[in-house]
Amino acid sequence: MENLALVGLRVLRGPDWAGGDEDGGEGHLGTVKEVLRNWHVRVLWDTGQESICKAGAEGKTELRIFDTAAVGVHHSGSLCSSCGEKDIFGALWSCVDCTTCDLCTTCYVLDEHDTDHCFYRLDFQNAPRVAVGQRKASVRLGAVGLLPGARVRRGKDWAWGDQDGGQDSEGTLENYEEVGPLFKRALMRVRWVNGGTNIYRVGFKGNVDVVCIEEEARFFYYRDHLPCLGTGNFAGWNDEGIISYQAACSVHPDEGDGGINSHDKDKRSRSALLETANGAEGGTDLPAKAEDISDVHPEDSSVAQNEDCGKMTLSFEKLSTNKTERLWVLKN
C-alpha cells in the first residue's frame, strides 16, 4: 500500500485562501474533484459551487485537508485509546507526553485526553510525524457541510434517475455508511421526503451525488493542526494526482519513522515542540487498486460489488448503535 489519491479528499479553505466566500465561508467543506496542471486542483464545495485552488502553485496553499478517510487512508494495527476504533481511518494523533495514547480524529477534536498535552499528527502509516500545538491553546472551529442532519437535493454527480422522487426533491443526511474495509466517510444515507432511503457518494472516488440546501455544523476541527494540500506530506504528485508514500516520507528525513505507537521521542524539548507546532503542515494504506471497488449504487444498496471480494455487505447501523460514527455527531 504505497500511494495516496488526491481525488476524493475532503477539504476546506487554507491559509492562502483568496476566493472570498466562494466556498461558502470559513469551515465549509468540499471535495477534490480533479487534479490540474501546475499544482492546482478543482474543488466541488458542498454548497454546489466549484473553485480552482492553488495546491502549491506559486508557493500558495489555498486548502487544508479535513479528512483522508474517503480515499482509504488508514493506520493498520492502530487502536484509538479513547473510543477503541481499530485501524484508525484518516489522520492518527499520537500524544507526545503519554507513550501509549493514540487518538482517532473524532476523539481528538472532541478533546479526549489531556488538552494540555502536545501531539504528533501522522498523515498516513509510517509517515513523518508532524508536531502540533496544545489543543487548549489552539483555534477550534465548526465544520459545515454534508454532515448528518444536513438537508440536501441531487447534485452535479447525480446519476440515479428519480430515485429521490424528482428533480427538486429534498432529503436529509442520516449517517455514514461503510464501503467495505477500504474506505470510510465516503458514503452517506439519505432519507427523501417521499419516504425513500438510499446510500449516496460523498467523496467516494471524487463523486458527490448531493448538494447542501441547508447545511449542518456537526463536527469540530483544530484549524492550525490540519495539513495543507501542497506542502509537507501532501506535496508532489504525478499526472494522475497520486502521491507516493515513499516519496512523501523522504521529504522529512529528520522527523523519525512515525509508525504506530513509535514513541521513541525525538530529542527536541516540549517547549521546542510548542514553538514549532502551530501552523505545521502535513492518512494511511490505500487499497492496492482503488479502482477494484465499483461505483457503489445499486437500486438495492445493501451490497457493493467488488471484482476481487464479490459482494460486500455494507453496514447499516444507526448512529445510536455505532459508537465510532456516533462520535461524529457533536456531544451535547
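Rules of the game
- Residues numbered from 1 in each chain as written.
- Predicted model: local features only at pLDDT ≥ 70, side-chain atom pairs only at ≥ 80, totals over all residues.
- Heavy atoms only, no water.
- Disulfide = S-S within 2.5 Å.
- Helix = DSSP H or I, 4+ residues; strand = E, 2+ residues; numbered from the N terminus.
- Buried < 20%, exposed > 50% of the residue type's maximum accessible area, 1.4 Å probe, protein only.
- Polar contact = N/O pair within 3.5 Å; in protein donor to acceptor, adjacent residues only side chain to side chain.
- Salt bridge = Lys/Arg side-chain N within 4 Å of Asp/Glu carboxyl O.
- Phe/Tyr/Trp six-rings, centres within 6.5 Å; stacked < 30°, edge-to-face > 60°.
- Lys NZ or Arg CZ within 6 Å of the ring centre and 35° of its normal.
- Pairing = 2+ DSSP bridges.
- Axes fitted to C-alpha atoms, helices over the stretch in contact; angles between N-to-C directions.

Caption draft 1: Up close: the state of the cysteines. Applying the stated rule across the entire model yields 0 disulfides. Residue Cys83 stays outside any disulfide, its sulfur separated by 3.8 Å from that of Cys80, the closest cysteine.

Caption draft 2: Molecular detail of the side chain of Asp102. Within the secondary structure, Asp102 is located in strand β8 (residues 102-104). Given a relative accessible area of 1%, Asp102 falls into the buried group. There is a polar contact of 3.1 Å between the side chain of Asp102 and the side chain of Ser94.

Caption draft 3: Summary view of the pattern of salt bridges. Tallying each qualifying case throughout the model produces 21 salt bridges. A salt bridge links Glu50 to Arg42; its shortest N-O distance comes to 2.9 Å. On the accessibility criterion, Glu50 (31% relative accessible area) is partly exposed. The partner of Arg223 in a salt bridge is Asp224, and the shortest N-O contact between them spans 3.2 Å. For Arg223, a relative accessible area of 26% translates into the label partly exposed. One continuous salt-bridge network, built from bridges that share partners, spans Glu34, Arg42, Glu50 and Lys156.

Caption draft 4: Region of interest: the packing of aromatic side chains. This model, assessed by the stated rule, comprises 10 aromatic pairs. Ring geometry for Trp93 and Tyr108: centres 4.0 Å apart, planes at 10°, overall stacked. With Trp93 in strand β7 (residues 92-95) and Tyr108 in helix α1 (residues 105-109), this residue pair connects regions lying 15 residues apart in the sequence. Ring geometry for Phe183 and Phe204: centres 5.5 Å apart, planes at 80°, overall edge-to-face. Of this pair, Phe183 sits in strand β14 (residues 183-192) while Phe204 sits in the loop between β15 (197-201) and β16 (210-214), placing them 21 residues apart in sequence. Accessibility assignment for this pair places Phe183 and Phe204 in one class, buried. Chaining the aromatic ring pairs together yields one cluster made of Trp93, Tyr108, Phe119 and Tyr222. One Lys or Arg, Arg129, reaches over the ring of Tyr120 and ends 4.4 Å from the middle of that ring. Across from the ring centre of Phe220, 3.7 Å away, lies the NZ or CZ of Arg140, which sits over that ring.

Caption draft 5: Quick peek at the sheet that holds strand β5 (residues 50-54). Sheet architecture is open: 5 strands sit in the order β5-β4-β3-β2-β6, paired in antiparallel fashion. Single-partner strands in this sheet number two, and they are β5 and β6 (63-67). Between one strand axis and the next, the sheet turns through 45° on average, direction left out of account. In terms of strand pairing, strand β2 (residues 10-13) meets β6 through 4 bridges, oriented antiparallel. From the neighbouring strand, Leu12 faces β6, where its bridge partner is Arg64.

Caption draft 6: Geometry of the sheet that holds β8. Taken in spatial order, the 4 strands make up an open sheet running β8-β7-β9-β10, and their pairing is antiparallel. Whereas interior strands pair on both sides, the edge strands pair on one side only; in this sheet they are β8 and β10 (130-132). Each strand of the sheet is rotated relative to its neighbour by a mean of 35°, with strand direction disregarded. Note: β7 against strand β9 (residues 119-122), 4 bridges, orientation antiparallel.

Caption draft 7: How the structure looks around the pairing of β9. Residues Phe119 and Arg121 point to one face of β9 and Tyr120 and Leu122 to the other, with burial holding for every one of them. Relative to β10, β9 runs antiparallel, the two being bridged by 3 bridges. Its bridge partner lying in β10, Phe119 is registered against Val132.

Everything listed here is a matter of geometry and, on its own, says nothing about what the molecule does.
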